[in-house]
Amino acid sequence: MDKKELKKKYNFYINNIKKYNLSYFNNNKSLVTDAAYDELKKKILNLEKKYDFLNSKNSPSKSVGHKPSKNFKKFSHKVPMLSLSNAFSEEDLINFEKKICNYLSIKNQLDMEYSAEPKIDGISASLIYKKGKFLKGLSRGDGKEGEDITDNIATIKDIPKYIESDDFPEEIDIRGEVFIQNSDFNILSEKFANPRNAASGSLRQKNPKETEKIPLKFIAYTFGYERGLLVNNQFDFLKKLNEWGFITNPLNKLISGVKNLIKNYNEIEKKRSNLDFDIDGIVYKINDFAIQKRLGNVANAPRWAIAHKFSSNKAISKILDIEIQIGRTGALTPVAKIKPINIGGVVVSNATLHNEDEINRKDIRVGDIAVIERAGDVIPHIISVDTSKRLNTSKKFIFPKKCPSCGSDTIKEFNKVTKKIDAVRRCSSQDYFCDKISIEKLKHFVSKEAFNIDGFGKRIVENFWELKLIKFPQDIFKLNYEKIEKLEGWGKLSVQNLKYSINQKRNISLERLIYSLGIRHIGLENAKLLSKHYISFSKFKNISTKSDYDDLVNIDGIGESQVNSIKNFFSNKENIRVLNELEKVLVIKDTIQNSDDGILNNKTFLVTGKLSGISRAEIKSLIEENSGKTISSVSKKLDFLIIGEKPTKRKVDYAKELKIKIIDQSEFLKMLNKTS
Ligand code: IVH
């Protein structure tokens, strides 16, 4: 990347962080999760570390948060309220300790002693005491200048207003976190997305009488300016805080060495979901004040402390409703509609509840406060609900005994293989009777691995269904294009394109056609086995006799569930009609028996990058049809690397190194005497 591009990227990050800070500090609104924020901050800091010319004054390395809002009077912190650098792994912690030892010129790394304090996710505040009297409460603001929120802070019962202990310093700013316990949050859950927003919003009310109504808590953990403090380490300071009447975190611990920090981190992470307050990591502070002093600060964070963050892919939100979705095979899937919440940078408003048994087991109800997890790309799901936050009016969720779409009975089948009743409840109607099932079948029919009709996505299926343009798969090939052209959003050109894409797919292999039918238990692999066995569509279509079914069991890979499902499929007249109609509008190619005399015999292939107009699955079957093989990684065994758009560089480089032939899509198709 050249300098200009780097600057552009850097400024983009800076502008985003500015936007997030502004919203967070002035409107009490997080636009992203803490994890996403930290990630962005890390990217900026990494760039600055590498390139000296990147040093915006708005960088998080230079400022803490954003200027305070104008609603409250500003007040300077005598000692700045610093931020903390983050650690995400054991490696980060080892580096943190190494840097400390280097700084202190300690040759053989010692196991440092730390105060390990769970990091409550609330709002930090600084409380100024003189001669034991609480004088002023400040928010953090930009770290240098905070807001005078004394009246609101004074409503918090956990905060001592007079301290009479002899050893309480002449003057001190006690710093800590204002937060709301999760169990108190339910009364506010309508107004705020999470306890942290609720605390921030409540603390910054204009009217302290409103703040007083909110059960805010305060946990103390550090100090700013002090005159007359007689302790010399953090853990003793925490003990003193207790003696003076402040609440400290009961999970604070004194720990030596990184290994033990990790052990404690894992233990606390396990307890995390059961705690009554949200924590987003653990703060480690060098215990000895003298060492802290020697280490000092870098920019706006101390060298002697670090926040070890938890991976944040869980969040708490409210279940607004439970909807039942009906799948292609009739399975009723309950889906929780939740109050939208940002989990790891993605706004989540749906979470799967899997099936009826899952709802019963976890006793999930509409109105519940739930822990939702989003892991990778899988659909978010509900881990648990907090029954203690339930209102008296809460009712058990009754799973529908009738299909919400067609009114047929819903049933749970006995699974002959597992010898158990299925967890899934299904609509008992026969194919194409239930509208929802039919729509899902059509979506499957046009999908990527099936007919793969370009530009014919799920939305179009729904739209055309509503307009009664399609009901059965064959209708796709008999569309009334004149009517479509007149629809909103369509024009001559788009209709022409659609017509072209559909016509292109009239030629189809038996294997794809079988898969497209969406027969339960017949996925890609089984469709392939069936197509190899029957070879022609007419043979497949006429499966009907007992001996035909007996014959099916002999196909290696086809089991009892598949046979039953196929029997079921062929026993339905509507399905037979669909097959007959499809035969009229399609050209169904017989299965090419794999022989060793195909053009690609003895040749191996690997695809990298995005191909155009052809899926990976399709290219794989083309290769196999022509006696070639596909393999999954670049090695000496590979003959051809087919590259599409944005190929994986590593694969291309390695292939070059091994002198493997690199070809593009059209060169590959030429090998088969086809053009793209
Ligand atoms: S010490 C100089 N201790 O984390 C050290 N902070 O990103 C800075 N926090 O603004 C503060 N628990 O809101 C400290 N036990 C703890 C903490 C803690 C939560 C928050 C605090 C601070 C932020 C730093």
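Here the structure is shown first, and the text comes after it.
Residues numbered from 1 in each chain as written. Predicted model: local features only at pLDDT ≥ 70, side-chain atom pairs only at ≥ 80, totals over all residues. Heavy atoms only, no water.

Undergrad: Could you give me a rundown of unusual backbone geometry, with the residues and numbers involved?
TA: One non-glycine residue, His354, lies in the positive phi region at around 65 degrees. As for its position among the elements, His354 is in the loop between strand 16 (346-352) and helix 11 (356-362). A residue is classified by how much of its surface remains accessible, and His354, at 37% relative accessible area, is partly exposed. (Helix = DSSP H or I, 4+ residues; strand = E, 2+ residues; numbered from the N terminus. Buried < 20%, exposed > 50% of the residue type's maximum accessible area, 1.4 Å probe, protein only.)

Undergrad: Talk me through the sheet that holds strand 24 (residues 629-630); I want residue IDs and the actual numbers.
TA: In space, the 4 strands of this open sheet follow the order 24-23-25-26, with parallel pairing throughout. What marks the edges here is a single partner per strand, and that holds for strand 24 and strand 26 (661-664). Bridge count for strand 23 (residues 604-608) against strand 25 (residues 640-643) is 4 bridges, and the pairing is parallel. Of the residues in strand 25, the one forming a bridge with Phe605 is Phe640. Lying on the sheet, helix 23 (residues 649-657) is in contact with strand 23, strand 25 and strand 26; it crosses strand 25 at an angle near 150 degrees. (Pairing = 2+ DSSP bridges. Contact = heavy atoms within 4.5 Å. Axes fitted to C-alpha atoms, helices over the stretch in contact; angles between N-to-C directions.)

Undergrad: I'd like a description of the pattern of salt bridges, backed by residues and values.
TA: Counted by the stated rule, this structure contains 39 salt bridges. With its nearest N and O atoms 2.8 Å apart, the salt bridge here joins Glu117 to Lys285. Of this pair, Glu117 sits in strand 3 (residues 113-120) while Lys285 sits in strand 10 (residues 279-286), and the two are 168 residues apart along the sequence. Take Lys285: its relative accessible area is 6%, and that puts it in the buried class. Here Asp121 ties to Arg196 by a salt bridge, and the two come within 2.8 Å at their closest N and O atoms. Linking Asp121 in the loop between strand 3 and strand 4 (123-130) with Arg196 in helix 6 (residues 195-203), this pair joins segments that are 75 residues apart in sequence. Residue Asp121 shares its accessibility class with Arg196, and that shared class is buried. (Salt bridge = Lys/Arg side-chain N within 4 Å of Asp/Glu carboxyl O.)

Undergrad: How would you summarise the site of the ligand if you had to cite specific residues and measurements?
TA: Taken together, Leu82, Leu84, Glu117, Lys119, Ile120, Ser124, Arg140, Glu177, Tyr221, Val283, Lys285 and Pro302 make up the full set of residues near the ligand. Residue Lys119 places a side-chain N or O atom 3.4 Å away from an oxygen atom belonging to the ligand. A distance of 3.4 Å separates an oxygen atom of the ligand from a polar side-chain atom of Tyr221. In isolation the ligand exposes 520 Å². Once the protein is present, 89% of that is buried. (Near = heavy atom within 4 Å. Polar contact = N/O pair within 3.5 Å; in protein donor to acceptor, adjacent residues only side chain to side chain. Areas by Shrake-Rupley, 256 points an atom, 1.4 Å probe, with all protein chains shown as cover.)

Undergrad: Explain helix 13 (residues 458-466) to me, using residue names and the numbers behind them.
TA: Each α-helix winds once per 3.6 residues, and so residues spaced three or four apart point in a common direction. Buried within helix 13 are the following residues: Ile460, Val461, Phe464 and Trp465. End-on, the buried residues of helix 13 take up no more than an arc of 135 degrees, which puts them together on one face. Residues of helix 13 that are exposed and point over 90 degrees away from its buried face: Lys458, Arg459 and Glu466. Once helix 13 finishes, Lys468 follows within two positions and takes phi at roughly 60 degrees, a positive value. (Arc of directions from axis to C-beta.)

Undergrad: Just give me the short version of the packing of helix 19 (residues 546-553) against helix 20 (residues 560-570), but keep the residues and values in it.
TA: Where helix 19 meets helix 20, the axes come as close as 10 Å, and the angle between the chain directions of the two elements is 150 degrees. Our classification of the angle between helix 19 and helix 20 gives roughly antiparallel. Where helix 19 crosses over helix 20, the handedness of that crossing is right-handed. Note on element contacts: helix 20 touches helix 19 through Val563, Ile566, Lys567 and Phe570, opposite Tyr549, Leu552 and Val553. Among the residues forming the contact of helix 19 with helix 20, the class breakdown is 6 nonpolar, no polar and 1 charged. (Parallel < 35°, antiparallel > 145°, perpendicular 65-115°, else oblique. Left-handed = near helix turned anticlockwise from the far one by under 90°. Nonpolar A, V, L, I, M, F, W, Y, C, P; charged D, E, K, R; others polar.)

Undergrad: Provide a residue-level description of the packing of helix 3 (residues 90-103) against helix 9 (residues 258-271), including the pertinent values.
TA: Running from amino to carboxyl end, helix 3 crosses helix 9 at an angle of 140 degrees, the nearest separation of the two axes being 10 Å. Note that helix 3 runs across helix 9; the crossing there is right-handed. In contact with Glu90, Leu93, Ile94 and Glu97 of helix 3, helix 9 contributes Val258, Lys259, Leu261 and Ile262. Split by residue class, the contact of helix 3 with helix 9 holds 5 nonpolar, no polar and 3 charged.

Undergrad: Give me the lowdown on the nonpolar core, citing residues and values where you can.
TA: Counting residues in each nonpolar core, the largest one holds 53 residues, and the members touching the most others are Phe456, Phe464, Ile476, Leu479 and Phe540. The contact partners of Ile476, leaving out residues within four places of it in the chain, are Leu442, Phe445, Val446, Ile453, Phe456, Ile470, Tyr481 and Ile502. In this structure, Ile180, Leu216, Leu238 and Trp244 belong to the second largest nonpolar core, which totals 34 residues. (Core = buried A, V, L, I, M, F, W, Y, C linked by side-chain atoms within 4.5 Å.)

Undergrad: Outline helix 2 (residues 34-50), listing residues and values.
TA: The end-to-end C-alpha separation of helix 2 is 24 Å, in line with the 24 Å expected for 17 residues at 1.5 Å each. All of the buried residues along helix 2 are Asp38, Leu40, Lys41, Ile44, Leu47 and Glu48. (Expected span 1.5 Å × (residues − 1).)

Undergrad: Give me the lowdown on the packing of aromatic side chains, citing residues and values where you can.
TA: In the structure shown here, the tally under the stated rule is 25 aromatic pairs. Here the aromatic rings of Tyr265 and Phe310 are separated by 5.0 Å at their centres, their planes lie at 40 degrees, and the arrangement is tilted. Placement of Tyr265 in helix 9 and of Phe310 in the loop between strand 13 (305-309) and strand 14 (314-326) is noted, with a sequence separation of 45 residues between them. When the ring of Tyr534 is compared with that of Phe540, the centres are 6.0 Å apart and the planes differ by 65 degrees; the resulting orientation is edge-to-face. Per residue, the accessibility class of Tyr534 equals that of Phe540, and both read buried. An aromatic cluster of three or more residues is present, and its members are Tyr129, Phe134, Phe168, Phe223, Phe237, Trp244, Phe246 and Phe289. The ring of Phe53 carries the charged tip of Lys3 above its face, separated from the ring centre by 4.8 Å. Directly above the aromatic system of Tyr549 lies the positively charged group of Lys567, at a separation of 5.7 Å from the ring centroid. (Phe/Tyr/Trp six-rings, centres within 6.5 Å; stacked < 30°, edge-to-face > 60°. Lys NZ or Arg CZ within 6 Å of the ring centre and 35° of its normal.)

Undergrad: Break down the pairing of strand 10 for me, with residues and values.
TA: Of all 8 residues in strand 10, 8 are buried; the element is thus mostly enclosed. Both strand 3 and strand 10 contribute to a ladder of 6 bridges, which runs antiparallel. Opposite Ile120, over in strand 10, you have Ile279 as the bridge partner. As paired elements, strand 10 and strand 13 share 5 bridges and run antiparallel to each other. Bridge pairing links Gly281 to Lys309 in strand 13.

Undergrad: Let's hear about the sheet that holds strand 5 (residues 133-139): which residues, and what values?
TA: Read from one edge to the other, the open sheet built from 4 strands follows the order 5-4-7-8, with strand pairing classed as antiparallel. Unpaired on one side and paired on the other, strand 5 and strand 8 (216-227) mark the two borders of the sheet. Here the average twist between neighbouring strands, direction ignored, is 25 degrees. For strand 4 and strand 7 (residues 171-180), the ladder comprises 8 bridges, and the chain directions are antiparallel. Directly across from Tyr129, in strand 7, lies its bridge partner Ile172. Contacts from helix 6 reach strand 4, strand 7 and strand 8, with the element oriented near 130 degrees to strand 7.

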